[in-house]
2 protein chains.
Amino acid sequence: MGKQYVFAFEEGNKDQRNLLGGKGANLAEMTNIGLPVPQGFTITTEVCTRYYEENKTIGADIQEQIAKNLELLEKKTGKKLGGVENPLLVSVRSGAPISMPGMMDTVLNLGLNHDTVVTVAKLTGNERFAYDSFRRFIQMFSDVVLEISKSKFDAIFDAKKKEKGYEFDYELQPEDLKLIIEDYKKLVKAEKGFDFPLDPKVQLDMAIEAVFRSWNNDRAILYRKINGISDSLGTAVNVQSMVFGNMGETSGTGVAFTRSPSDGEARIFGEFLVNAQGEDVVAGIRTPQPISELEQSFPEVYKDFMRISNILEQHYKDMQDMEFTVERGKLYMLQTRNGKRTAAAAVKIAVDMVNEGLIDKKTAVKRVDPSMIGQLLHPTFDSAELKKARKLASGLPASPGAAFGQIYFSAEDAAAANEQGQKVILVRTETSPEDLAGMVAAEGILTARGGMTSHAAVVARGMGKCCVSGCSSAVIDEEGKTVTFGSDKYKEGDFISLDGTAGDVYEGKVGTIDPELSGDFGTIMQWADEIRTLKVRTNADNPRDAAVAVKFGAEGIGLCRTEHMFFEEDRIPNVRRMILADTVEERVEALNLLLPYQKEDFKGIYKVMGELPVTIRLLDPPLHEFLPQTDEDIRHLSEQIGVPYEKLVVKTAELHEFNPMLGHRGCRLAVTYPEISEMQAEAIMMAAIEVSKETGKDIEPEIMIPLVGIESELAYVKKVVVDKVEEVMAREGKTLKYHVGTMIEIPRAALTADEIAKEAEFFSFGTNDLTQMTWGYSRDDAGKFIKEYMNKKIYEVDPFQSLDQTGVGKLVKMAVELGKQTRPDIKLGICGEHGGDPASIEFCHNAGLNYVSCSPYRVPIARLAAAQAAVK
Amino acid sequence: MGKQYVFAFEEGNKDQRNLLGGKGANLAEMTNIGLPVPQGFTITTEVCTRYYEENKTIGADIQEQIAKNLELLEKKTGKKLGGVENPLLVSVRSGAPISMPGMMDTVLNLGLNHDTVVTVAKLTGNERFAYDSFRRFIQMFSDVVLEISKSKFDAIFDAKKKEKGYEFDYELQPEDLKLIIEDYKKLVKAEKGFDFPLDPKVQLDMAIEAVFRSWNNDRAILYRKINGISDSLGTAVNVQSMVFGNMGETSGTGVAFTRSPSDGEARIFGEFLVNAQGEDVVAGIRTPQPISELEQSFPEVYKDFMRISNILEQHYKDMQDMEFTVERGKLYMLQTRNGKRTAAAAVKIAVDMVNEGLIDKKTAVKRVDPSMIGQLLHPTFDSAELKKARKLASGLPASPGAAFGQIYFSAEDAAAANEQGQKVILVRTETSPEDLAGMVAAEGILTARGGMTSHAAVVARGMGKCCVSGCSSAVIDEEGKTVTFGSDKYKEGDFISLDGTAGDVYEGKVGTIDPELSGDFGTIMQWADEIRTLKVRTNADNPRDAAVAVKFGAEGIGLCRTEHMFFEEDRIPNVRRMILADTVEERVEALNLLLPYQKEDFKGIYKVMGELPVTIRLLDPPLHEFLPQTDEDIRHLSEQIGVPYEKLVVKTAELHEFNPMLGHRGCRLAVTYPEISEMQAEAIMMAAIEVSKETGKDIEPEIMIPLVGIESELAYVKKVVVDKVEEVMAREGKTLKYHVGTMIEIPRAALTADEIAKEAEFFSFGTNDLTQMTWGYSRDDAGKFIKEYMNKKIYEVDPFQSLDQTGVGKLVKMAVELGKQTRPDIKLGICGEHGGDPASIEFCHNAGLNYVSCSPYRVPIARLAAAQAAVK
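As a starting point, this report considers the structure included with it. This structure is a prediction, so every number in the text was calculated from the model and none was measured.

**Quick notes on the overall build of chain A**
- Helix and strand counts for chain A come out as 35 helices and 31 strands.
- Oriented by its inertia axes, the alpha-carbon framework of chain A measures out at about 105 × 65 × 50 Å.
- In chain A, which comprises 872 residues, the proportion classed as buried is 58%.
- By sequence separation, contacts in chain A at least 24 residues apart represent 68% of the contacts at least 6 residues apart.

**A short note on the pairing of strand 6 (residues 252-257) of chain A**
Residues and elements named next belong to chain A.
- Counting buried residues along strand 6, 5 of its 6 residues qualify, which places the element largely inside the surrounding structure.
- Sheet analysis places strand 6 next to strand 7 (residues 269-274), joined by 6 bridges and oriented antiparallel. The residue bridging Gly 254 from the neighbouring strand is Phe 272, located in strand 7.
- Bridging between strand 6 and strand 9 (residues 320-327) involves 6 bridges; their strand directions are antiparallel. When the sheet's bridge partners are listed, Gly 252 is paired in strand 9 with Val 326.

**Remarks on unusual backbone geometry**
- Look at Lys 56 of chain A: it is not a glycine, yet its phi comes out positive at around 55°.
- Mapped onto the elements of the fold, Lys 56 of chain A is located in the loop between helix 2 (45-53) and helix 3 (60-77).
- Judged by relative accessible area, which is 46%, Lys 56 of chain A ranks as partly exposed.
- Although it is not a glycine, Arg 328 of chain B adopts a positive phi angle of roughly 50°.
- Residue position: Arg 328 of chain B is located in the loop between strand 9 (320-327) and strand 10 (330-338).

**Side note on the interface of chain A and chain B**
- Counting residues at the interface gives 49 residues for chain A and 49 residues for chain B.
- At the junction of chain A with chain B, the criterion picks out 2 salt bridges.
- Across the pair Arg 748 of chain B and Asp 804 of chain A runs a salt bridge, and its minimum N-O distance is 2.6 Å.
- Along the contact surface separating chain A from chain B lie 28 residue pairs in polar contact (both at pLDDT 80 or more).
- Among the elements of the structure, helix 25 (645-655), helix 26 (667-672), helix 28 (711-732), helix 29 (747-751), helix 31 (767-775), helix 32 (779-791) and helix 33 (808-822) of chain A are those that each provide at least two residues to the side of chain A that touches chain B.
- Top element by residues in the side of chain A that touches chain B is helix 32 of chain A. It accounts for 6 residues.
- Class assignment of the residues belonging to the side of chain A that touches chain B gives a composition of 23 nonpolar, 13 polar and 13 charged.

**Some remarks on the packing of helix 4 (residues 116-124) of chain A against helix 5 (residues 127-144) of chain A**
All names here are of chain A.
- The N-to-C vectors of helix 4 and helix 5 enclose an angle of 145°; their axes lie 7 Å apart at closest approach. Considering the relative orientation of helix 4 and helix 5, their crossing is right-handed. Listed contacts from helix 5 to Val 117, Val 118, Val 120, Ala 121 and Thr 124 of helix 4 are Glu 127, Phe 129, Ala 130, Tyr 131 and Phe 134.
- Considering only residue class, the contact of helix 4 with helix 5 consists of 8 nonpolar, 1 polar and 1 charged.

**Comments concerning the sheet that holds strand 12 (residues 391-394) of chain A**
Residue and element names in this part refer to chain A.
- Spatial strand order, 12-22-21-14-15-16-17-13: 8 strands in an open sheet with mixed pairing. Either end of the sheet is taken by a strand with one partner, and the two such strands are strand 12 and strand 13 (396-399). If you compare each strand with its neighbour and ignore which way they point, the axes differ by 30° on average.
- Bridge analysis of strand 14 (residues 402-408) against strand 21 (residues 495-499) gives 5 bridges, and the strand direction is antiparallel. Looking across to strand 21, one finds that Ala 403 is bridged to Leu 498.
- Running at roughly 175° to strand 15 (residues 424-428), helix 16 (residues 411-419) makes contact with strand 14 and strand 15 of the sheet.
- Contacts from helix 18 (residues 455-463) reach strand 13, strand 16 (444-447) and strand 17 (466-469) within the one sheet, and its direction differs from that of strand 13 by about 45°.

**Focus: the relation of the copies chain A and chain B**
- Between the two copies, chain A and chain B, the superposition gives an RMSD of 0.3 Å; the rotation angle is 179° and the shift along the axis is 0.1 Å. As the rotation angle and translation indicate, the two copies are arranged about a two-fold axis. No C-alpha of chain A lies nearer the rotation axis than that of Asn 659 of chain A, which sits 2.2 Å from it.
- Taken as a fraction of all interface residues of chain A, those also at the interface in chain B reach 100%, which identifies the copy contact as same-surface.

**Looking at a nonpolar patch on the surface**
- A cluster of nonpolar side chains, contributed by Val 550, Val 608 and Leu 612 of chain A, occupies part of the molecular surface with about 170 Å² of accessible area.
- Relative to the elements of secondary structure, Val 550 of chain A occurs in helix 20 (residues 543-551).

**Let's talk about the pattern of salt bridges**
Residues and elements named next belong to chain A.
- Taken as a whole and assessed by the stated rule, the structure comprises 149 salt bridges over all chains.
- Between Asp 601 and Arg 571 there is a salt bridge whose closest N-O contact spans 2.7 Å. Here Asp 601, found in helix 23 (residues 584-609), pairs with Arg 571, found in the loop between helix 21 (563-566) and helix 22 (572-580); they are 30 residues apart in sequence, far enough to count as distant. Each member of the pair Asp 601 and Arg 571 is classed as buried.
- Glu 732 is the partner of Arg 731 in a salt bridge, and the nearest nitrogen-oxygen pair spans 3.2 Å.
- Under the relative-accessibility criterion, Arg 731 is labelled partly exposed at 43%.
- It is possible to trace a salt-bridge network through shared partners that takes in Asp 529, Arg 532, Lys 535, Glu 555 and Arg 863.

The rules behind these values
- Residues numbered from 1 in each chain as written.
- Chains lettered and ligands numbered in written order.
- Predicted model: local features only at pLDDT ≥ 70, side-chain atom pairs only at ≥ 80, totals over all residues.
- Heavy atoms only, no water.
- Helix = DSSP H or I, 4+ residues; strand = E, 2+ residues; numbered from the N terminus.
- Buried < 20%, exposed > 50% of the residue type's maximum accessible area, 1.4 Å probe, protein only.
- Contact = heavy atoms within 4.5 Å.
- Pairing = 2+ DSSP bridges.
- Salt bridge = Lys/Arg side-chain N within 4 Å of Asp/Glu carboxyl O.
- Polar contact = N/O pair within 3.5 Å; in protein donor to acceptor, adjacent residues only side chain to side chain.
- Nonpolar A, V, L, I, M, F, W, Y, C, P; charged D, E, K, R; others polar.
- Axes fitted to C-alpha atoms, helices over the stretch in contact; angles between N-to-C directions.
- Left-handed = near helix turned anticlockwise from the far one by under 90°.
- Least-squares fit on C-alpha atoms with pLDDT ≥ 70 in both.
- Patch = residues over 30% accessible without salt bridge, like charges linked within 9 Å, V, L, I, M, F, W, Y side chains within 5 Å.
- Areas by Shrake-Rupley, 256 points an atom, 1.4 Å probe, with all protein chains shown as cover.

Right, dumping it as structure tokens:
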């Protein structure tokens, strides 16, 4: 008979998710392990695919299989669809391979018409129930299948209640309901031009098609886009004989979790409603009872339910999210699936289940979603205090965490207040590198402008400080030192609180709770460390960040940017002198003034990291980034360093670039100004030698040359560095091991990695730039149209969020292969922001990298993702 | 005895250039075909390599071989190095595999000392000759080997002349020369601290080493860099017994070409000096006689020389550049090599030699350097007029050709003057797209600012108009309509002349001569067309350029940019309206106004091209390029189109991009504003339909979607285009063939070309952008540091000049392979500026492309280069 497109529940099992959908597979599984499941069958996801391929029709071969299964179901239940003696009523539900709760359509009570409703009334002895079910069915079917707005039916229903002077639905009598049904049918006729279908077979056909159609309704498409679910999976359709929780006081319906999805505690968690159908629980009209009260109401059912719940958890070896119905005292299981849970619950459940012997450590590690554990790493508002807090505004959740403090409107004021011991919130229209000191001093940052990748957002994430950016309803007067939200004005020194995870701003102080990194979380992390082979380093530019990262388990620094050090207030004048130098001698003079600062920067970092590896990148950004841009700032600088204003203007214009991203930066600076690299090499080695002497530890610096495109370029700069390093070691009478490597961030470097590897002891993939160059757009400019690309479904994921494995990934794999050809023991890492993205980390693991490097607060995420990649 | 490092002349042949150097190989060849060559031996280039590898020493095994060959030479000549009875004197000359004339060192008369000089005096009966030779030898050896400045010897020599009251060198007597020699020796001792080496064996050793050292002198390194010669080739050393052209009136020396290197005529061409050594000819102190006069002076020698010259040309089958010496009436050949020649000579000689049956057509085609024939395609100044002309200034040779005209300082004035029939030179500080009409009207363009890739330069090259850019000594007052060169001021309407090939500006009218594209040139081109398999198309945006290109042999248009059409004066207001539109409706309205213009543009081009293929690229640049940038211009536009100034400022700021090269352009515009592509698709098809109807020809447009990075993006835009095309064809009741393809200019497109090819019927490699993205720098910004890279020898060639075959080429090859996997008959071309570069064209041929596309004036170059690639 060809391919099987329809499966009775007893024919399937839980491993057939892709074919039967999650719901269908679990109904089959529960049926086969002997649990009380109303009988039924599943139409596979392949039918959905064929439905769309065949111009939204269901093939005759499939229809035949559906008919056969319906017949079988009728035989097993002894009921008949449309049968007057013992009518079969069914539910028709969607069920995709990946759960998309509430996104697709469901029809209950299908099979009712003027004939069968009479029998149902008779058999149940409850005419009101029968007609109310019929009324509900018409309404639901019309909404879902015929696409007539539910509100039009509500209007009829409410009009009848009003006419009768009823307050509650249950006051409606069977006669009222019959009149409503007639009005409903008229409405359908008026809206669609045809009569409401009363033939149950027709109802079934139409409902099945409607479920397939709902796969591509707008909200389902959006949900899949947001959750990265492929459009091609399709949904299955489950046809199941109805059981009724609304057959009076011995009936009911409920949902429950085998453990708490909120904190993970091992106790049944859920709620139920007596005399109700499932939709009533979801609708929230009546307040359900906690599941524990089931024991009083239905002690036998409760006992049975606890037994089944235990069987299901033992069987699935995971916390279950169950739906059940009690029909006249008999328990039926309608659904089970792995329950969604908070990060905290996921951690606790995973650890508990290992302790209970239910799962092994590998499985436990797989059970925690790395992208969620960020929640656990930042302070949060005390929920009691939050309830009382007054929200002032919302912006973008630019950097997670919660904080309160007194507001200041300039970096200087913020830093000064912080020195006096105040907790500070820095409030700025937008931030620039010159605000760094203020950001360091602040507990949190609020900006009126700028997106998720604005300066404030990027720096705050790096520092692990909470930040709300792009809060456009905040009117900030930096001169007058006030911020206004609507009609509320706050001045310098006033308290506000920020929730960077949600993007919210609150009035006054809202108390926070610190994250707990030990306990079950620590256990999971320890297991992750045992499993993973990929090392996790951090991107850190100062001892503070380095210390945070080490606390989070970083095994080294993969990227220490040296330019951030150049921006600090006490250095920037000399940086500018260096840039404005007319001769090499002048430049060297200015660099000599910077040398002691850089050396101290590196010493601070080495002291934190001890013998863990530290990769230091030589100066990267184009020099004009260090110069003032506005006329006023240029005048100020002119006075400050005694260089004529005109000269500054000319020099600034000279350094202007059309495409700074594609300009004079990275190792190109080192080629034209080797003295900068010499100063940095000297600072790196002097610091290493001094810390080695002071601590007795072997400091082994890794010097990274950025933006290399060709071997000869790397060779040139490497020679400058190595000559200086050797000179310093000879001068200081101390020899240390050190390494020189490069970033692979230019497509050409990846393409010629075999040649580059002749000079480079290590590669660090700079996937931010590599993504920009490979796709040919800059992150600063692409924001505008990438949104449009996502909306139009041209992109499935934003390549700046998750590594583009097809394109950029091809270059990475090519570079790995070519690099190893030349230098089999080459050390390979990634230091772009993708280093903290779980999907990208899995890619890095599979590509054979040695480590990923990410911002300190993503280190635990990376450790877990690396472990999951190893398990896969 | 191991490897042979030293070859007697009779042991080698002309095919051993790499081993023996050009000179050595040809001396060997001439020796073996029985020509009178003074005997000697060659030390191979491998010795040079070993010399540098072994810390600048010559291995004992090599020294032994040199000694053996010297012994052999002494035996054959019957002379002995340092022998008092019959002393052997030798020359020691460099000779690299590729000729580097004058770049490396030579020592003549080696073997002279106080003993041998006496014998030479005796044997020649010419004491003055002998001591003058000794004097010259000390001076040359000291200069070349000991590195003592020649001027110090000249000072001694001149002092002696002055002391004696002599006017001419030849007045110096043997006794004077002996005193000079003593002073020379004292100078050497004072400078070096050791005595001048008088042992001829020591002299020889030192001279050989000096030649190897000279391989890496500064001027040799520079020459290799400029000429793209590898540093690793090394030089050979030729040790040859001396013959003397300065042994009196029956001796002499000369250089000659077998045909004219200037115009290619088949007559001997050269000059000689009686009683002189080779260096005297080069030094230019005495004026040599034309070679024809040799017949009178030395009829026997002349006859012999003509015979040998004929033998050499027949033997080498190419025009020869020969050096010879006559010693006491006997002719010696000292060198022969293929002669350098002008483009015109190369063409004539190649055609003549085919006609003479000396070479075949393939060889003829190989003999003309494609990079030189640009000379033949542009007007040049009449040389007689040029001699009388007064040069005013020099700038950059931005676009070749010569022109005179009356100067105008704005596009409007230039266009108006041209309409009145004037020949116009447009003089601007710099040009922008708004000057286009003035550039079209002008014979040539002069700008004070801007480099070789400035707007003026790029557009002028495209139009084939001469242009001198970056002429910083021209002080231009655009308001006052004057240009000042030093103290000379010129006003509107004055004549100047421009030489865009040399970059010079002349006063007044200098007459020009038009290029000759028929005759021998036409013949070579025809042969090239017979041989090549690669098609040659052109980049042309208007009927005028298209017509020029067809005249030059273009076989289609590979790139028709549509944005140039947007800049024209009558369209730009509507382009701006379109950009500033707030709604899709407003935008469509503005686009509808542009549609007729675009349609006419395309019709004009189709009419010129007939059934030749035309690839039209959809709008590419970011929209802000079309908006005014200065405050004044924004105010002007505001008045012009009636949009408030403030709105324009906001919109301009909104469209601002940090990295326009990596911004919202190419197909990204088509994704966000599909209506632009719809208008263009409509214009393309309407034009094709109308021209098809009018001319009866089958117009088959190729629509090219730029800047694609992912298949889904191309699919989206293609659908927009195809839907519109089909709609237009249905509406017009006419069906045409058409093709939709894409540019491969984003690295990701090359990496995923197999996927892209599912949607693209053709690929056109946009190697300008591909080079920028692959290397990670923009051409606008890289100028500054690429120079430094060339200077520091980090780059051998500028990747914007010649395709980077290792990096960018790898992407091209990958895309070709992947594209063909998906679509075996995919059409492949290149339309970046590399399409006109001979080395890049060879790469394209080898990579399996179907065509190259270049600017009209490079079409003949491309045809020739394509033929040469096919021959190789």
